[in-house]
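Inside the fold
If you want the building blocks of each chain, they are given just below.
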Amino acid sequence: MATMLIDNHKQTILNLLQEGEALLQRIGDQENVQKLQTVHREASDKKSPQIMFYGLYNAGKSTLINALCRKYVAETDDVPCTAAIQTVPWEGYTLIDTPGINAHAEHTEIAEKEIRQSDVILFIMDNADTFDNATVYQAIVDILKMGKPLAVVLNQKNVDEDEDPNIPVPDRKAIQRIVGKISSNLEVQSVKNGMQIVGKANNFLGIFPVNAFTAYMARECSREEGDMLYQASGVLSLRNAMNETIRRSELVYMLRTPLINLRDILREAIKHYQAAAIYGEKQQLAENREHLLESRQRLRDRLMADGLRKIEAILEEVKTAAASGQTITGVDERLNSQLNALLKEAAEQERAILQTEIKVDTMSNYRAITSGGPAHPTQEDDSALLGDLAQVVAFVIDTAPIPLPIPLPISIITAAVRLIFHLFKSDRPEDDPARKSQERLAEYYRWLNEFRDQEIKIKATYEKSVNDFLAQFYDQQLTKIDQSLAEVDGNCAEHTKNLRMLEHLLLCTSDEMAALSMVA
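All of these numbers come straight from a predicted model, not from anything done at the bench.

The rules we used
Residues numbered from 1 in each chain as written. Predicted model: local features only at pLDDT ≥ 70, side-chain atom pairs only at ≥ 80, totals over all residues. Heavy atoms only, no water. Helix = DSSP H or I, 4+ residues; strand = E, 2+ residues; numbered from the N terminus. Contact = heavy atoms within 4.5 Å. Core = buried A, V, L, I, M, F, W, Y, C linked by side-chain atoms within 4.5 Å. Buried < 20%, exposed > 50% of the residue type's maximum accessible area, 1.4 Å probe, protein only. Axes fitted to C-alpha atoms, helices over the stretch in contact; angles between N-to-C directions. Parallel < 35°, antiparallel > 145°, perpendicular 65-115°, else oblique. Expected span 1.5 Å × (residues − 1). Arc of directions from axis to C-beta. Pairing = 2+ DSSP bridges. Polar contact = N/O pair within 3.5 Å; in protein donor to acceptor, adjacent residues only side chain to side chain. Salt bridge = Lys/Arg side-chain N within 4 Å of Asp/Glu carboxyl O.

We now examine the environment of Leu154. Secondary-structure assignment places Leu154 in strand β5 (residues 150-155). For the pair Leu154 and Ile175, spaced 21 residues apart in sequence, the C-alpha to C-alpha distance is 8.4 Å. Discounting residues that sit within four places of it in the chain, Leu154 has contacts with Met125, Asp126, Asn127, Ile175, Ile178, Val179, Ile182, Phe208, Pro209 and Val210.

Written as structure tokens, this is what we have:
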């Protein structure tokens, strides 16, 4: 029954690994795909649990392995000489001797890789100084946070001469004090890391005091004396605990390793995927669109307010001149000249504003639509691309004036005004002066109404020209941004879908880890 349950969990984990590979392949995360393929292969091929010996260098890791095996199988030295892992088969397990956590940087990297692949960690510290080293406790907490089963082994290197050497190492008062200190330090460090008290964690296997050197040297004594020394060293207790605790749950520990690795790979992939630039691109596109709309409105307000004032001023001159009997010509040219000068000035100022507002770093596919004019720089040139965007208003420098078709030429109107006012000033006798005066007054008001109609048409024509200008350029750019936004929205939707699938797989992984813990 238990074997069937373990087999079911193993199949579930293999299915989760396959699903993870497919999903990471889908999002193009090849680096994590390769990591997961390695995890999958190791989970399928592993036949025995892997127990890793870890800790500060010179704490006695290799000596402890030799003591457990009761023969010299792991190299020992007072310097961090273990530059690569050493594997030792032992009673159905694979023992892994690794570099110390405070050895060379490349040694530390090797050790961290082995932590991910190992099923159980024996963390070795000694009673000299490492038991009070904050780095040691942070390393232990980091491993426990991963979910790896871990036991702390306190190796007695400094022997208290005042204590009876016949007392077993675990029972010595000095060692018991240090064990208490270790427990206290672990509690403090676990609180700092926001996790439950280490002693209550189900993957914390306990603290085991030993004297690895005594246990190893016991092999040189007689059988009876050697057995006594071996038992007094505490290594026999450690050995029994390993056989009792680890062997009882060895299949669970072997399955937990790929599950932990899958969880960590998914977390890394999710973190990277959440930081994707696509969300920033969408935000910047939306901001650029808003800036263009604001620029369009600012320019329109400026052109309409200042343009209408210029039109009114020029037409007022026409009326004033006409009242004096003067004929004014070239009014349409003056209007065109002044209005286009206004447009050019306002457009230059608006371009300067756009250069500070519009961001181009997320618009690699965005190109302004132009009609005629000089060729535009390539996409790779960001400043040129900004010029393309600002070309929304800058184009006026090289274009023809805004056409202002006037239904009745102003020169004709002003000539008529002069004629009307000439009639008012005429001294010719009239048959009916009162009637003639009324006719001339009526004719004047008809002209004045017609002049006002022409003024309305001129202003309407100007407003239409301004709106056409804004539509021709701003609307084209806004359309392109809307197209880009639609494309980015589609990509964001796909991106979000993939992210939700990653998060769901991570949740399933956590659920399976919880279910597996119930079996241990």
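Moving on, we come to the nonpolar core. Across soluble globular proteins, nonpolar side chains have a tendency to be buried as a group. In terms of nonpolar packing, the biggest core is built from 59 residues, with Phe123 and Ile140 touching the most fellow members. Looking at which element gives the most residues to this core, the answer is helix α10 (residues 250-274), with ten residues. Apart from the residues within four sequence positions on either side, Phe123 is in contact with Tyr54, Gly55, Ile101, Val136, Ala139, Ile140, Ile143, Leu150, Ala151, Val152 and Val153. Formed by 33 residues, the second largest nonpolar core is a distinct cluster that contains Ile314, Leu342, Tyr474 and Ile481.

Okay, the packing of helix α3 (residues 61-69) against helix α9 (residues 235-248) next. Closest axis-to-axis distance for the α3/α9 pair is 10 Å, and the angle between their directions is 80°. For the element pair α3 / α9, the angle class is roughly perpendicular. In this structure, α3 uses Leu64, Ala67 and Leu68 to contact α9, whose residues at the interface are Val235, Leu238, Arg239 and Met242.

It is worth spelling out helix α2 (residues 30-45) at this point. Helical periodicity: at 3.6 residues per turn, an α-helix aligns residues three or four positions apart in one direction. Between its first and last C-alpha, α2 extends 22 Å over 16 residues, near the 22 Å set by a 1.5 Å rise per residue. Within α2, burial applies to Asn32, Val33, Leu36, Val39, His40 and Ala43. For α2, the angular spread of buried residues about the axis comes to 125°, placing them on one side. Every exposed residue of α2 that faces more than 90 degrees away from the buried side is listed here: Glu31 and Gln34.

Before going further, it helps to examine the pairing of strand β4 (residues 120-126). Most of β4 is tucked away, with seven of its seven residues classed as buried. Alternating positions in β4 separate into two faces, Val120, Leu122, Ile124 and Asp126 on one and Ile121, Phe123 and Met125 on the other, with burial throughout. Bridge count for β4 against β5 is six bridges, and the pairing is parallel. Across the sheet, the residue bridging to Leu122 is Ala151, located in β5.

Glancing now at the environment of Asn467. With respect to the helices, strands and loops of the structure, Asn467 is situated in helix α15 (residues 433-517). Sequence spacing of Asn467 and Arg300 is 167 residues, and the spatial spacing of their C-alpha atoms is 7.7 Å. Leaving out residues up to four positions away in the same chain, Asn467 has contacts with Arg296 and Arg300. Side-chain polar atoms of Asn467 contact the side chain of Arg300, separated by 3.0 Å.

Considering all chains together, one arrives at 22 salt bridges under this definition. A salt bridge links Lys282 to Asp489; the shortest N-O distance between them is 2.9 Å. Of this pair, Lys282 sits in helix α11 (residues 277-323) while Asp489 sits in helix α15; the two residues are 207 residues apart in sequence, bridging distant segments of the chain. Classification of Lys282 by relative accessible area gives partly exposed; the value is 34%. The partly exposed category is assigned to Asp489, whose relative accessible area is 33%. When the shortest N-O distance is used, the salt bridge between Glu317 and Arg334 registers 3.1 Å. A residue pair is termed long-range when its members are at least 10 positions apart, and Glu317 in helix α11 and Arg334 in helix α12 (residues 331-357) qualify at 17 residues.

Bringing the pairing of strand β3 (residues 93-97) into the picture now. Summarising burial for β3: four of the five residues are buried, a large majority. In this sheet, β3 lies alongside strand β1 (residues 50-55) in parallel orientation, the contact comprising four bridges. The partner of Gln50 across the bridge, within β3, is Thr94. Two strands pair when backbone bridges link them, and strand β2 (residues 86-90) and β3 are joined in this way by five bridges, in the antiparallel orientation.

Along the chain, the position of Ala139 falls in helix α5 (residues 134-146). Given a relative accessible area of 14%, Ala139 falls into the buried group. Along the sequence, Ala139 and Tyr54 sit 85 residues apart, while their C-alpha atoms lie 9.8 Å from each other. With residues near it in sequence (within four places) discarded, Ala139 still touches Ile101 and Phe123.

Mapped onto the elements of the fold, Ser118 is located in the loop between α4 (105-117) and β4. You can call Ser118 buried: its relative accessible area is 0%. Within the local environment of Ser118, its side chain forms a polar contact with the side chain of Gln50, the two groups lying 3.0 Å apart.

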